[in-house]
Amino acid sequence: MQVGQPWKGHTGTVLVIAMNPTGTLLASPSEDHQVRLWRLSDRRTIAIFKHTGEVDCATFSTDGKHILSGGSDRIISKWAVPSLEDIPKDKASHDALREDTSKEQVADNAQQSACEILTINTTARDACITGDWDRALDEALKVIKLTPSSHVGYQFRHAALHGAQRYDEAIEAFKIMLSKLENAPDTQTRKLRQQYINPSEAERDIQVTIKAQLDDAPDRLLNTFTGRLCNREGRIDAFKTSTEYKELFSSTLALVHVDLRMERIKDVVEKYFRYVTLSHRWEVKEPLLNDIQGKGVDELNSVVGIVKLQSFCKTARAAEHRWGWIDTCCIDQTNNVELQTSLNSMFDWYHTSALTMVYLSDVSRSSNPGALARSAWNTRGWTLPELLAPKVIRFYQNDWTPYLNDHSDNHKLSDAIVQELKDATGIDAEALADFSCRKINARKKLQWASTRVTTKQEDIAYSLFGIFDVQIHLMYGEKKEKALGRFLEKVVAELGDISALDWVGQSSKFNSCLPADITSYKAPPYTPPPLSEHDIQTSISLLRQTAMDLALKLYDLLENLKAPRFADRRLHLPCIAFRVTAVKRSRAQDQEIYEAKADGLHDLLITTKDKLIQFSPPQSTMHRFVLVRPCNRYLDLPDFAEPSGLVESVDSKLSDRALRLTARLAQPFGAFLLAHQHGTAYKRIAPDHDIIAQVKNLSSIIPDMVKTLEIL
């Protein structure tokens, strides 16, 4: 939508527009062979510079005193921005160039008082450009004295006071300027008021931006300069009394363009309120909230563990960060509601922090490369999300010097440090650099956590909230098995990720399909051999001739399976179930190894600490075991390219997907052994090793095998 009346004067197309450094003048080159110089305050042409051909471009010099232009005449012309004697006057307006003039520069016939004002204006402008604020202020006062009812003097006064960092006075000068514009006798000047916002609107825009910034930040932070804790309201109050706020408020008032104004506000607010987080290993004694509440950390030399806190503030302050967060004293550990909120939000806090500083208490300055990989920091449960969440991270030795003397901004960009982290954690470089919880399946993340320990046993589950984006209610005292069970139940039910069911070890009392301990995920999951495109196409060709109807039926059944869910600790698992027809024990090296037969599967081995009842085919109806292939309702099939030059029908695509799925079902898979309990319920037999099964042939899978089983 057009704002105001168009600026008229050119008779040809205007190609570009250039603005001078102070934002008071515009230059417009045109196809009419002219460069016109406009004054923004009243939208009037104050000079015309003529080329012999079309003018394609123009720009101001960095000091604003000259205009450079060029065009079809193949020359670059340099023009002086006019001073008093160059600025033309129209009798009607005293500052408008007559559009019918043929001269490049027109003599000034204005009254002497107006000439004096224009001289002062130019002098004030030059003083602002050079940063001579005292001179600019003197010149602004002269304009105010000569024309007290005009807004121009106060506009210069605001610019001069702002440049001199006298922001309170600058704001008052700007408010007076607005009142002069509102009460101007002519309509054209009053319209200029519309381009400026009210001070209340500027304050509102700043407040909205602050709120958005603090919504993602912890409520309680340490002021690294004072060493004192400060809540959200305290940080806002500190900002409003700061030089940064006054400078922002003053500059915001003068910014006409909305996008530029909001961008400026966002930049200043982000810089002021940004914070750093500390990742560390808790020592035997750490300063808690009640130890430092209302005190500065530098005043508490007698408090055990205070040196780490003091050094954190000092190092963050040296990196020009005003606010810092640490999990020891920035959380009220005695407030259950605050503790729950903090653990739910902690991953996001580390992610949105400007920097995460990692303190390695067991790595000294004299350590050699590899010390980070050997640090106990890599073995703690809470440091896993503290490693993955931050975008920017920096490691510090026990004397608070950068690890390996690497002073770069982000150690996640250091190949040497990332390699050490990869060696220590098993996490690949891509996930370390840019972790996304939805891109990596549950089994992989649980494997990363399987080697870690926590002081409070329930934290082995609670520490995983962020990397799964799943939360459960805190119940310290419930023990790790129940905490892990509740968490994994939520992972399977909420994310539909059945890879969390892929483990070896002891079953949980919470549900037999879940492990009793996180260490059950330590062994890498079974991965079937890759299936080449040639092998897939060979299988598809055979299936198309012999089992097309079966493939379509299986595809339809599997695609329409409901997601796995938990109800009253019972897992309702969609799967393909193969009835076990025989079990025979074969003892070997203190392990119970069983040879098993099942309908449609090749014979296989099962290793478990549980004792299985042996039986043969005539007794199979009495001992109801099943081997199941868990299914995800979202079929894991990659997209495939259509034949070049052909557009397949919907039915053809469906058939191809059905055949591909059926071909993949012929691959070996990790199976679960379930024992029937009562009614329709089953219980998983915990394996000591992966149970690897494979169908005899594709016709071995019949539609009746696709079902949802209830597992206790």
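Everything below is about the structure printed above this text.
Residues numbered from 1 in each chain as written. Predicted model: local features only at pLDDT ≥ 70, side-chain atom pairs only at ≥ 80, totals over all residues. Heavy atoms only, no water.

Q: Any details on the overall build of the chain? Residues and values, ideally.
A: Looking only at helices and strands, one finds 23 helices and 22 strands in the chain. Burial analysis of the chain (712 residues in total) assigns 50% to the buried set. Within the chain, contacts between residues separated by at least 24 positions form 61% of all contacts whose residues are at least 6 apart in sequence. In the form shown here, the chain has an accessible surface area of approximately 35100 Å², with 50% of it arising from carbon and sulfur atoms. (Helix = DSSP H or I, 4+ residues; strand = E, 2+ residues; numbered from the N terminus. Buried < 20%, exposed > 50% of the residue type's maximum accessible area, 1.4 Å probe, protein only. Contact = heavy atoms within 4.5 Å. Areas by Shrake-Rupley, 256 points an atom, 1.4 Å probe, with all protein chains shown as cover.)

Q: So what about the pairing of strand β5 (residues 55–60)? Which residues, and what values?
A: Of the pairings in the sheet, the one linking β5 to strand β6 (residues 66–71) comprises 5 bridges and is antiparallel in character. By the bridge assignment for β6, Val55 is matched with Gly71. Following β5, the chain reverses through 5 residues before pairing antiparallel with β6; Gly64 in that reversal takes a positive phi of roughly 75°. (Pairing = 2+ DSSP bridges.)

Q: Break down the packing of aromatic side chains for me, with residues and values.
A: The geometry of an aromatic ring pair is captured by the separation of the ring centres together with the interplanar angle, meaning the angle of the planes. Tallying each qualifying case throughout the model produces 20 aromatic pairs. With a centroid separation of 5.9 Å and 50° between ring planes, the pair formed by Tyr462 and Phe465 is classed as tilted. Here Tyr462 and Phe465 have matching classes, each one buried. Three or more aromatic residues joined by ring pairs form one cluster here, namely Phe239, Tyr245, Phe249, Tyr272, Phe273 and Trp323. Between the NZ or CZ atom of Arg235 and the centre of the ring of Trp323, over which it lies, the distance is 6.0 Å. Above the plane of the ring of Phe468 lies Lys445, whose end atom (NZ or CZ) is 4.4 Å from the centre. (Phe/Tyr/Trp six-rings, centres within 6.5 Å; stacked < 30°, edge-to-face > 60°. Lys NZ or Arg CZ within 6 Å of the ring centre and 35° of its normal.)

Q: Can you explain the nonpolar core? Please cite residues and give values.
A: What tends to happen in soluble globular proteins is that the nonpolar side chains get buried as a cluster. Within the largest apolar cluster, 124 residues are counted, with the highest numbers of intra-cluster contacts made by Leu222, Phe239, Phe395 and Phe487. Apart from the residues lying within four places of it in its own chain, the contact partners of Phe239 are Ile206, Ile210, Glu244, Tyr245, Leu248, Val268, Val269, Tyr272 and Phe273. Residues Tyr594, Ala596, Met705 and Val706 belong to the second largest nonpolar core, which totals 43 residues. (Core = buried A, V, L, I, M, F, W, Y, C linked by side-chain atoms within 4.5 Å.)

Q: Give me the sheet that holds strand β7 (residues 76–80): which residues, what numbers.
A: Sheet architecture is open: 3 strands sit in the order β5-β6-β7, paired in antiparallel fashion. Edge strands, defined here as strands with exactly one partner in the open sheet, are β5 and β7. Ignoring strand direction, the axes of neighbouring strands in this sheet form an average angle of 25°. (Axes fitted to C-alpha atoms, helices over the stretch in contact; angles between N-to-C directions.)

Q: Quick rundown of a negative patch on the surface? Include the residues and the values.
A: Together, Asp259, Glu263, Asp267 and Glu270 give the surface a local cluster of negative charge. On the secondary structure map, Glu270 appears in helix α9 (residues 258–273). (Patch = residues over 30% accessible without salt bridge, like charges linked within 9 Å, V, L, I, M, F, W, Y side chains within 5 Å. Salt bridge = Lys/Arg side-chain N within 4 Å of Asp/Glu carboxyl O. Lys, Arg positive; Asp, Glu negative; His and termini not counted. Charge placed at Lys NZ, Arg CZ, Asp CG, Glu CD.)

Q: Any chance you could break down the sheet that holds strand β11 (residues 323–325) for me, citing the residues and the numbers?
A: Strand order in this open sheet of 6 strands is β9-β8-β11-β10-β12-β13, and the pairing throughout is mixed. Looking at strand neighbours, the two that pair on one side only are β9 (229–230) and β13 (393–396), the edges of this open sheet. With 2 bridges connecting them, strand β8 (residues 221–223) and β11 associate as antiparallel partners. Each residue of the ladder has a partner; that of Leu222, found in β11, is Gly324.

Q: Describe in detail the packing of helix α8 (residues 243–254) against α9, supporting the description with residues and values.
A: It is the contact of α8 with α9, at a shortest axis distance of 10 Å, that shows an interaxial angle of 175°. Between α8 and α9, the angle is such that the two are roughly antiparallel. Residues Glu244, Glu247, Leu248, Ser251 and Thr252 of α8 form the contact with α9, whose participating residues are Arg261, Arg264, Ile265, Val268, Val269 and Tyr272. Taken together, the residues of the contact of α8 with α9 sort by class into 5 nonpolar, 2 polar and 4 charged. (Parallel < 35°, antiparallel > 145°, perpendicular 65-115°, else oblique. Nonpolar A, V, L, I, M, F, W, Y, C, P; charged D, E, K, R; others polar.)

Q: Can you break down α9 residue by residue, with the values?
A: Under the 1.5 Å per step criterion, the end-to-end length of α9 is 22 Å for 16 residues, consistent within 8% with the ideal 22 Å. Taken as a whole, α9 has its buried residues at Arg261, Ile265, Val268, Val269, Tyr272 and Phe273. The buried residues of α9 occupy one face: seen down the axis, they fall within an arc of 115°. Residues of α9 that are exposed and point more than 90 degrees away from the buried face comprise Asp259 and Lys271. (Expected span 1.5 Å × (residues − 1). Arc of directions from axis to C-beta.)

Q: Please give an account of unusual backbone geometry that cites residues and values.
A: Despite not being glycine, Trp400 shows a phi value in the positive range, around 70°. Within the fold, Trp400 resides in the loop between β13 and α15 (415–425). We note that Lys479 has phi near 80°; this positive angle belongs to a residue other than glycine. Considering the arrangement of structural elements, one finds Lys479 in the loop between α19 (465–468) and α20 (480–495). Residue Lys479 is classed as partly exposed on the basis of its relative accessible area of 49%.

Q: Could you give me a rundown of the environment of His572, with the residues and numbers involved?
A: Relative to the elements of secondary structure, His572 occurs in strand β15 (residues 570–588). With a relative accessible area of 17%, His572 lands in the buried category. Here the alpha-carbon distance between His572 and Leu712, two residues 140 residues apart in the chain, equals 9.1 Å. Among all residues touching His572, those that are not within four sequence positions of it are Ala563, Pro564, Arg565, Ala567, Thr708, Leu709 and Glu710.

Q: Mind laying out the pairing of strand β4 (residues 44–50), listing which residues take part and the relevant values?
A: Among the 7 residues that make up β4, 5 are buried, leaving the element largely enclosed by the rest of the structure. Looking at chain direction, strand β3 (residues 34–39) and β4 are connected through 6 bridges and run antiparallel. Bridging across to β4, Leu37 finds its partner in Ala47. Here β3 folds back onto β4 in antiparallel fashion, the turn holding 4 residues, of which Arg43 has a positive phi close to 60°.

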